[in-house]
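Letter by letter, the chains look like this.
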Amino acid sequence: MNKRLSLSAAFCGIALTVLGLSGCGTYFRIVGKESKTFTSKEISILERTTQAIRFDYGYDDSLDIDYVYSYPDAQKDIRNNEKKFFAALDDTDTETLISFYEKVYEVYQKTVIWEKLAESGRKWIRYTYISKYLLPGIDTYTGILERAVLSRDPGYSGKIGERKAAVRESVLRGLENQEYKRELEEAVWLQRMRK
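Report follows, based on the coordinates. Every value quoted in this text rests on a predicted model; they were computed, and no experiment measured them. (Residues numbered from 1 in each chain as written. Predicted model: local features only at pLDDT ≥ 70, side-chain atom pairs only at ≥ 80, totals over all residues. Heavy atoms only, no water.)

Section: the packing of helix α5 (residues 94-120) against helix α6 (residues 124-152)
Consideration 1: One way to put it is that α5 packs onto α6 with a least axis distance of 9 Å and a crossing angle of 155°. One element, α5, and the other, α6, form an angle in the roughly antiparallel class. As α5 packs across α6, the resulting crossing turns out to be left-handed.
Consideration 2: In the contact of α5 with α6, the residues fall into 21 nonpolar, four polar and six charged. (Axes fitted to C-alpha atoms, helices over the stretch in contact; angles between N-to-C directions. Helix = DSSP H or I, 4+ residues; strand = E, 2+ residues; numbered from the N terminus. Parallel < 35°, antiparallel > 145°, perpendicular 65-115°, else oblique. Left-handed = near helix turned anticlockwise from the far one by under 90°. Nonpolar A, V, L, I, M, F, W, Y, C, P; charged D, E, K, R; others polar.)

Observations concerning the side chain of Asp66
Consideration 1: If you trace the backbone, Asp66 turns up in strand β2 (residues 65-70).
Consideration 2: The charged side chain of Asp66 is buried without a salt bridge, its nearest counter-charge being Lys110 at 6.3 Å.
Consideration 3: Polar contacts involving the side chain of Asp66 include one to the side chain of Thr37, which spans 2.6 Å. (Buried < 20%, exposed > 50% of the residue type's maximum accessible area, 1.4 Å probe, protein only. Lys, Arg positive; Asp, Glu negative; His and termini not counted. Salt bridge = Lys/Arg side-chain N within 4 Å of Asp/Glu carboxyl O. Polar contact = N/O pair within 3.5 Å; in protein donor to acceptor, adjacent residues only side chain to side chain.)

Some points on the side chain of Gln109
Consideration 1: Note that Gln109 resides in helix α5.
Consideration 2: For Gln109, the side chain forms a polar contact with the side chain of Arg168, separated by 3.4 Å.

Let's talk about the packing of aromatic side chains
Consideration 1: Here the structure, examined in full by the defined rule, presents nine aromatic pairs.
Consideration 2: Pairing Trp124 with Tyr127 gives two aromatic rings, centres 5.8 Å apart and planes at 90°, and the pair type is edge-to-face. With Trp124 and Tyr127 both in helix α6 and three residues apart, this pair spans about one turn of that helix.
Consideration 3: Relative accessible area serves as the criterion here: at 22%, Tyr127 is assigned to the partly exposed category.
Consideration 4: Members of the aromatic cluster, each reached through a chain of ring pairs, are Tyr101, Tyr105, Tyr108 and Tyr156. (Phe/Tyr/Trp six-rings, centres within 6.5 Å; stacked < 30°, edge-to-face > 60°.)

A look at the pattern of salt bridges
Consideration 1: Under the criterion given, the structure shown has eight salt bridges.
Consideration 2: Between Glu146 and Lys164 there is a salt bridge, with its nearest N and O atoms 3.0 Å apart. On the criterion of sequence distance, the pair formed by Glu146 in helix α6 and Lys164 in helix α7 (residues 160-176) is long-range, its members being 18 residues apart.
Consideration 3: One network of salt bridges, in which partners are shared, links Arg79, Glu82 and Arg147.

A look at helix α4 (residues 78-88)
Consideration 1: Considered for burial, the residues of α4 that qualify are Ile78, Asn81, Glu82, Phe85 and Ala88. The buried residues of α4 all sit within an arc of 120° when viewed along its axis, so they share a single face. Facing away from the buried surface of α4 by more than 90 degrees, the exposed residues are Arg79, Lys83 and Lys84. (Arc of directions from axis to C-beta.)

Overview of the nonpolar core
Consideration 1: In this structure, Phe85, Phe100, Tyr141 and Leu145 are the most contacted members of the largest nonpolar core, which totals 44 residues.
Consideration 2: Per-element tally for this core: the top contributor is α5, with twelve residues.
Consideration 3: With residues up to four places along the chain from it excluded, the contact list for Leu145 reads Phe85, Leu89, Leu97, Phe100, Tyr101 and Val104. (Core = buried A, V, L, I, M, F, W, Y, C linked by side-chain atoms within 4.5 Å. Contact = heavy atoms within 4.5 Å.)

Re α5
Consideration 1: An ideal rise of 1.5 Å per residue puts 39 Å on 27 residues; α5 measures up with 39 Å between its terminal C-alpha atoms.
Consideration 2: In terms of burial, α5 is a largely internal element, 19 of the 27 residues being buried.
Consideration 3: Put simply, Asp93 is the residue that caps the front of α5, since its side-chain oxygen is 3.3 Å from the backbone nitrogen of Glu95.
Consideration 4: Immediately beyond the C-terminal end of α5, within one or two residues, lies Arg122, with a positive phi of roughly 55°. (Expected span 1.5 Å × (residues − 1).)

Topic: the packing of helix α3 (residues 40-52) against α4
Consideration 1: It is at 8 Å that the axes of α3 and α4 come closest, and there the two elements cross at 160°. Judged by the inter-axis angle, α3 sits roughly antiparallel to α4. In the packing of α3 onto α4, the handedness of the crossing is right-handed. Packed against α3, whose contacting residues are Arg48, Thr49 and Ala52, the element α4 presents Asn81, Lys84, Phe85 and Ala88 at the interface.
Consideration 2: Its residues assigned to classes, the contact of α3 with α4 comprises three nonpolar, two polar and two charged.

Below is the structure:
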């Protein structure tokens, strides 16, 4: 009886670990923690575009941050897959695409800020996790998405700098209103980032 119970517990533990590591939505339904950043329509765009370039996405509830990551071999064929990325956006109207881009840019900025917080706080494990695993994927993804937006709406290039600054400031205000206020106030790099 004990052997059967321990095998069942082990199986459940392994299943939850596999679901969690795979970024599977089932994990979030089981555990109850999920991102509130993207709407269902935007998640559909995220799914199509990440699959097109052999990336995937997930959510880290300990940092309250969404992330995009690439599979190990995805980077070597990124230029060819970029065409598939653009094609995956064909049925997305321009206004939705720009709105989605700004949310993705918000995620990117949040990741950059978390990295800087970890570095300035000398939290090296968190810093390494963010800089090596979370930031590269979202950086690449945001760059490709930005090119897609500018290709679709060249007029947006005149506004993009202003919109990026507004999104960055919004992310900083959001974090200041949370439990990270003291860390942000002490961060020397924050004043430079706002300029």
